[in-house]
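# Descriptive analysis of the structure
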Amino acid sequence: MPLTPHMEKHFTATATVRDIVIGMSDGLTVPFALAAGLSGAVASASLVVTAGLAEIAAGSIAMGLGGYLAAKTDIEHYASERTRELRETEHIPEREAEEVAEIFREYGLPDEQIAPLVSSLQANPTKWVDFMMRFELGLDVPNPTRARISAWTIALSYMGGGLIPLLPYIFLDDIVTALWTSVAVTPVALFVFGYVKSGFTGISPWRGGGQTVLVGGLAAAGAFGIARLIG
């Protein structure tokens, strides 16, 4: 009988997808909460639009810079750790060789099989350091362009998400109508975003969509209530 092909599904989200998730989730939630809060305190839709656009601009810049600095930190951390590992393989090779052996023992290999593997790595210092970086420290080689790409991806995703709850205030003069239109439109966008995001994280799409709507809704309701109390 022919064997049934074995198909595996794993989490395959790239760093770019994660950046989109970060930017879009905050972009949908924060401006939505701000617009709802201001709607409870002011009577002009244009004021909500002005404040919302200012928040989107500031938020996208802050989020983009945060992503840039985080990615730069990862690159600098990897370079620092690699330099340290290279120095250790040169000055204390016996201890590093024992660390390699210990890694293989964790996978159940006997010492007689481990010895030639350790010797092979010792014969190639670059591969030896590569091995230690990956299996001892759990660090992968960072993309040198990652910081710039991450900054733009997060910033643009934040802007795209932030404009969705703000659009009703841009096209509608009556602030109450704009508020309820935003309340109707934004949860749909939050649910679609959460549903799609779940496809990359492995959880139930319906659960992911519901959780995203819940978080955004609670943030908006809290902001609206506080604005009402203060106003």
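Residues numbered from 1 in each chain as written. Predicted model: local features only at pLDDT ≥ 70, side-chain atom pairs only at ≥ 80, totals over all residues. Heavy atoms only, no water.

### Concerning the overall build of the chain
Put simply, the test is: Helical segments are the DSSP runs of H or I of at least four residues, strand segments are the runs of E of at least two, and each set is numbered from the N terminus. The cut-offs for exposure are 20% and 50% of the maximum accessible area for each residue type, with area from a 1.4 Å probe on protein chains only; residues under the lower value are buried, those over the upper are exposed, and the others partly exposed. Working rule for contacts: check all heavy atoms of both residues, and any pair within 4.5 Å makes them a contact. Areas reported as accessible are Shrake-Rupley estimates using a 1.4 Å probe. Residue values count occlusion only from the protein chains shown.
When helices and strands are counted, the chain shows eight helices and zero strands. The buried share among the 231 residues of the chain stands at 33%. Excluding contacts between residues fewer than 6 apart, the proportion of contacts in the chain whose partners are at least 24 apart in sequence is 72%. Just so you have it, the chain exposes about 13,700 Å², and 66% of that area is on carbon and sulfur atoms.

### Looking at the side chain of Glu55
Of note, Glu55 is situated in helix H2 (residues 45–91). Here Glu55 falls in the buried class, since its relative accessible area comes to 19%. Apart from residues lying up to four places away in sequence, Glu55 is in contact with Val30, Pro31, Leu34 and Tyr158.

### Some details on a nonpolar patch on the surface
In plain terms, the rule: Patch membership requires over 30% relative accessible area and the absence of a salt bridge. Like charges are linked within 9 Å, and nonpolar side chains (Val, Leu, Ile, Met, Phe, Trp, Tyr) within 5 Å. In the sections that follow, a salt bridge refers to a side-chain nitrogen of Lys or Arg positioned within 4 Å of a carboxyl oxygen of Asp or Glu.
Together, Leu53, Leu163, Leu167, Ile170 and Phe171 make up an exposed nonpolar region whose accessible area comes to about 460 Å². Looking at which element gives the most residues to the nonpolar patch, the answer is helix H6 (residues 146–171), with four residues. Tracing the backbone through its elements, the reader meets Leu53 in helix H2.

### Thoughts on the environment of Pro205
Note that Pro205 resides in helix H8 (residues 205–230). Exposure remark for Pro205: the relative accessible area of 27% places this residue in the partly exposed category. Pro205 sits eleven residues away from Gly194 along the chain, and the two C-alpha atoms are 7.1 Å apart. For Pro205, the contacting residues outside a window of four places in its chain are Gly194, Tyr195 and Ser198.

### What about the confidence of the model for the chain?
When pLDDT is low, close inspection of the predicted coordinates is not appropriate. Here is the rule: How sure the predictor is of each residue is captured by pLDDT, a score from 0 to 100.
Per-residue confidence for the chain gives a mean pLDDT of 81, with 89% of residues at or over 70. Across the chain, the element-wise mean pLDDT spans from 72 in H8 up to 91 in H6. The low-confidence segment residues 6–12 (pLDDT under 50) makes three contacts with residues lying over four places distant or belonging to another chain.

### A few points about the packing of H2 against helix H5 (residues 125–136)
Stated precisely, the cut-off is as follows: Each axis is a line fitted through C-alpha atoms, taken for helices only over the stretch in contact, and angles between the N-to-C directions span 0 to 180 degrees. The scheme is simple: roughly parallel for angles under 35 degrees, roughly antiparallel for over 145, roughly perpendicular for 65 to 115, oblique for anything else. Two helices cross in a left-handed way if the nearer one is turned anticlockwise from the farther one by less than a right angle. They cross in a right-handed way if the turn is clockwise. Following the grouping adopted for this structure description, the nonpolar residues are Ala, Val, Leu, Ile, Met, Phe, Trp, Tyr, Cys and Pro, the charged ones are Asp, Glu, Lys and Arg, and the polar ones are all others, Gly among them.
It is at 10 Å that the axes of H2 and H5 come closest, and there the two elements cross at 125 degrees. As judged from the angle between their axes, H2 and H5 are oblique. Helix-helix and strand crossings are classified by hand; for H2 and H5 the assignment is right-handed. Packed against H2, whose contacting residues are Tyr78, Glu81, Arg82, Glu85, Leu86 and Thr89, the element H5 presents Thr126, Trp128, Val129, Asp130, Met132, Met133 and Glu136 at the interface. Within the contact of H2 with H5, the residues separate by chemical class into six nonpolar, two polar and five charged.

### Let's talk about the side chain of Ser157
Along the chain, Ser157 falls in helix H6. Ignoring sequence-local partners within four residues, the contact set of Ser157 consists of Ile20, Gly23 and Met24.

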